[in-house]
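Listed below are the residues making up each chain.
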Amino acid sequence: LVSRKKQKENTVVTLGPVEVGGGDPVLVSGPCSVESYEQVRQIGETLKANGLTLLRGGAFKPRTSPYDFQGLGEEGLKILRQVADEFGLKVVSEIVTPTDIEMATQYVDVIQIGARNMQNFELLKAAGRVNTPVLLKRGLSATIEEFIHAAEYIVSGGNSQVMLCERGIRTYEKATRNTLDISAVPILKQETHLPVFVDVTHSTGRRDILLPTAKAALAVGADGVMIEVHPDPDVALSDAKQQINIPQFNEFVAKLRESGLYK
Ligand code: PEP
Ligand code: MN
């Protein structure tokens with residue numbers, strides 16, 4: 001169902017004023033984790049000031065260590081909804097449990113399925129049973145074929161509003177947190193009709209190359225870029241090393257616009 005052979009026209013996912021996959025690239029930005037109302041409010045204000053619509057933030061965090069911050073759960077989703085409504089934004093947030101999908105639809109505009117859950121088939125099926133758009137991230141070690149099959153699970157379950165996100169894969173390279181598979185973008189665009197994002201934060205894990213990788217993503221046809229921004233990254237409860245602060249984010253957006261690749 002997700003194949004280009006089945007459907008020639010691009011799938012377009014409408015989120016308020018933005019049309020993902022409609023030609024003009026979009027940004028999805030916000031903190032790694034939702035930590036407090038005040039933290040998210042500052043980011044909401046920043047997005048609004050930059051003319052952006054899509055606010056991300058993790059409320060259910062799939063952390064590598066059980067001793068790390070696990071997220072605020074439903075309370076975090078409420079904070080995102082409140083801030084989004086205040087600033088006219090749309091919420092993108094990760095859900096990790098199949099039985100939470102229904103609950104999440106009350107608060108989020110896009111259900112994110114994270115890299116660690118790309119092949120959590122019960123979660124994919126649960127996401128297929130709702131009408132809320134889904135942003136599916138590529139698994140840490142998933143092939144493009146496996147990634148496409150995961151999307152097929154959601155669409156075959158009845159939810160056609162699926163967006164894909166390349167977020168870097170595991171390789172031997174240590175200079176970046178993951179290896180951004182830039183070629184996945186044109187391949188996914190050719191093989192499927194779904195919108196394709198590139199997450200520059202989790203793929204690189206490096207603040208110094210966010211702008212060039214975002215430009216590369218848009219140059220090869222990505223429909224959007226995901227980037228993490230935090231009011232005070234040094235004290236962030238997750239991904240403290242790779243999030244950028246608000247002035248750095250403002251500069252990132254301005255430079256991306258200057259490049260002409262992003263409106
Ligand atoms: C995230 O986007 O919050 C996240 C955890 O990313 P990933 O699933 O790609 O690691
Ligand atoms: Mn993160």
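These numbers come from a predicted model, not from an experiment. (Residues numbered from 1 in each chain as written. Chains lettered and ligands numbered in written order. Predicted model: local features only at pLDDT ≥ 70, side-chain atom pairs only at ≥ 80, totals over all residues.)

1. Details of the site of ligand 1
Next up, step 1: With respect to spatial proximity, the complete set of residues near ligand 1 consists of Cys-32, Gly-58, Glu-94, Gly-114, Ala-115, Arg-116, Lys-137, Arg-167, Asp-199 and His-202.
Next up, step 2: Looking at the shell around ligand 1, its residues break down into two nonpolar, three polar and five charged. (Near = placed C-beta within 6 Å. Nonpolar A, V, L, I, M, F, W, Y, C, P; charged D, E, K, R; others polar.)

2. Section: the environment of Ala-222
Next up, step 1: Looking at where Ala-222 falls in the secondary structure, it is placed in the loop between α8 (210-219) and β10 (224-228).
Next up, step 2: Along the chain, Ala-222 and Gln-82 lie 140 residues apart, while their C-alpha atoms are 29 Å from each other.
Next up, step 3: If sequence neighbours within four positions are ignored, Ala-222 has contacts with Pro-25, Val-185, Val-196, Phe-197, Val-198 and Ala-217. (Helix = DSSP H or I, 4+ residues; strand = E, 2+ residues; numbered from the N terminus. Contact = placed C-beta atoms within 7 Å.)

3. Some points on the sheet that holds strand β7 (residues 134-137)
Next up, step 1: Reading around the barrel, the eight strands line up as β3-β4-β5-β6-β7-β8-β9-β10 and close back on themselves, with parallel pairing between neighbours. Averaged over neighbouring strand pairs, the angle between their axes works out to 25° when direction is ignored.
Next up, step 2: Note: strand β4 (residues 54-56) against strand β5 (residues 90-94), three bridges, orientation parallel. Paired with Leu-54 across the strands is Lys-90, a residue of β5. (Pairing = 2+ DSSP bridges. Axes fitted to C-alpha atoms, helices over the stretch in contact; angles between N-to-C directions.)

4. So, the packing of α8 against helix α9 (residues 246-258)
Next up, step 1: At a minimum axis distance of 10 Å, the contact between α8 and α9 shows a crossing angle of 40°. Considered as vectors, α8 and α9 are oriented oblique to each other. Our pair here, α8 against α9, has a crossing hand that is right-handed. For the pair formed by α8 and α9, the contact residues are Leu-210, Leu-211, Ala-214 and Lys-215 on the first element and Phe-252, Lys-255 and Leu-256 on the second. (Parallel < 35°, antiparallel > 145°, perpendicular 65-115°, else oblique. Left-handed = near helix turned anticlockwise from the far one by under 90°.)

5. Topic: the nonpolar core
Next up, step 1: Leu-136, Phe-197 and Val-225 are the most contacted members of the largest nonpolar core, which has 73 residues in total.
Next up, step 2: Here this core gets six residues from one element, more than from any other, and that element is helix α5 (residues 144-156).
Next up, step 3: Once residues lying within four places of it in the same chain are set aside, the contact partners of Phe-197 are Val-28, Leu-135, Met-163, Leu-164, Cys-165, Ala-222, Asp-223, Gly-224, Val-225 and Met-226. (Core = buried A, V, L, I, M, F, W, Y, C linked by C-beta atoms within 7 Å. Buried ≥ 20, exposed ≤ 12 C-beta atoms within 10 Å, placed from the backbone.)

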